[in-house]
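Single-letter residue listing:
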Amino acid sequence: MTLKSVGWIALAVTVAFGIGWMIGGSGRAALVQEQRALEERAGFAEARALVLQGRVDLFTVNFGNASARFEEARAKVEQLQAALREVGLAERAGRLEIVLAQLRDAQRLASSLDQAAQSAATQALDALDAAR
């Protein structure tokens, strides 16, 4: 085997490796974007479920659990907001500020044993739906 044939083999292996690398990475960006969208939808659904659980707790006059659910929902919305800002969707992240304010009100009212927390929770749900 001559040095020339070894060079051709090395070149062929390098080209094959480069082509394989490009083909393997070609659909990755779309998959990452789809994964982010699914995680976002799951986050919105989880936050909505927590607010609804809090509303049920208010109906059963369990203000402590309602307050805890609103706190969990607030944490989830804050995570969503950070994720949206991370990918450059600052406007959508800003719309979540309204949801956070309503959840703070609902939590404060539930902590003070006030049934008006129901109204604040409803407004938080409406704002959450609008922010999707």
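Residues numbered from 1 in each chain as written. Predicted model: local features only at pLDDT ≥ 70, side-chain atom pairs only at ≥ 80, totals over all residues. Heavy atoms only, no water.

## Considering the overall build of the protein
Threshold: Numbering of helices and strands starts at the N terminus; helices are DSSP runs of H or I of at least 4 residues and strands are runs of E of at least 2. The reference for a compact globule is 2.2 Å times residues^0.38; the radius of gyration itself is calculated from the C-alpha atoms. When a residue's accessible area, from a 1.4 Å probe over protein chains only, is under 20% of the maximum for its type it is buried; when over 50% it is exposed; and in between it is partly exposed. Surface exposure here means Shrake-Rupley accessible area, sampled with a 1.4 Å probe, where a residue is shielded only by the protein chains that are shown. We score Asp and Glu as negative and Lys and Arg as positive, and we do not count His or the chain ends. To locate a charge, take atom NZ for lysine, CZ for arginine, CG for aspartate or CD for glutamate.
The secondary structure content of the protein amounts to five helices and zero strands. What you see for the protein is a C-alpha radius of gyration of 25 Å, clearly larger than the 14 Å of a compact globule of 132 residues, by over 25%. Overall, the protein is about 90 × 25 × 15 Å in size when its C-alpha atoms are taken along their principal axes. Here the protein holds 132 residues, and 31% of them are scored as buried. Carbon and sulfur atoms make up 62% of the accessible area of the protein, which amounts to about 8,300 Å² in all. Distance from the positive charge centre (15 side chains) to the negative charge centre (15 side chains) of the protein: 7 Å.

## Some thoughts on the layout of surface pockets
We count it as follows: Grid spacing is 1 Å over the protein atoms alone, the probe is 1.4 Å, and a cavity is where that probe fits but cannot get out, while a pocket is an open set with protein on both sides within 12 Å along at least five of seven lines and lining residues have an atom within 4 Å of a point. Grid points are joined across faces, edges and corners, and a volume is the space filled by probe spheres set on the points. Charged means Asp, Glu, Lys or Arg here, nonpolar means Ala, Val, Leu, Ile, Met, Phe, Trp, Tyr, Cys or Pro, and polar covers whatever is left, Gly included.
What the largest pocket holds in volume is close to 170 Å³. Every residue lining the largest pocket is listed: Arg36, Glu39, Glu40, Gln79, Leu80, Ala83, Leu84, Glu86 and Val87. Among the secondary structure elements, those contributing two or more residues to the lining of the largest pocket are α2 (28-59) and α3 (63-86). Sort the elements by how many residues they give to the lining of the largest pocket and α3 lands first, with five residues. Of the residues contributing to the lining of the largest pocket, the split by class is four nonpolar, one polar and four charged.

## Regarding the side chain of Gln102
We apply this condition: Pairs of residues are marked as contacts when any of their non-hydrogen atoms sit within 4.5 Å.
With respect to the element layout, Gln102 can be found in helix α4 (residues 90-111). Those residues within four positions of Gln102 in sequence are excluded, and the remaining contacts are Ala120, Gln123 and Ala124.

## Quick word on the pattern of salt bridges
Threshold: What makes a salt bridge here is a side-chain nitrogen of Lys or Arg within 4 Å of a carboxyl oxygen of Asp or Glu, nothing more.
Applying the stated criterion to the full structure yields 10 salt bridges. Here Arg41 ties to Glu34 by a salt bridge, and the two come within 3.9 Å at their closest N and O atoms. Relative accessible area serves as the criterion here: at 53%, Arg41 is assigned to the exposed category. A relative accessible area of 42% means that Glu34 is categorised as partly exposed. The shortest N-O distance in the salt bridge between Asp129 and Arg48 comes to 3.5 Å. Here Arg48 lies in helix α2 and Asp129 lies in helix α5 (residues 117-131), a separation of 81 residues in the sequence. For Arg48, a relative accessible area of 26% puts it in the partly exposed group.

## Regarding α3
To be explicit about the condition: The length a helix should cover is 1.5 Å for every residue beyond the first.
With 24 residues, α3 ought to run about 34 Å at 1.5 Å a step, and its terminal C-alpha atoms sit 35 Å apart, in line with that. Listing the buried residues of α3 in full gives Phe63, Ala66, Ser67, Phe70, Ala73, Arg74, Lys76, Val77, Leu80, Gln81 and Leu84. Next to the buried residues of α3 lie α2, α4 and α5. Remark: Gly88 follows α3 within two positions and exhibits a positive phi of approximately 90°.

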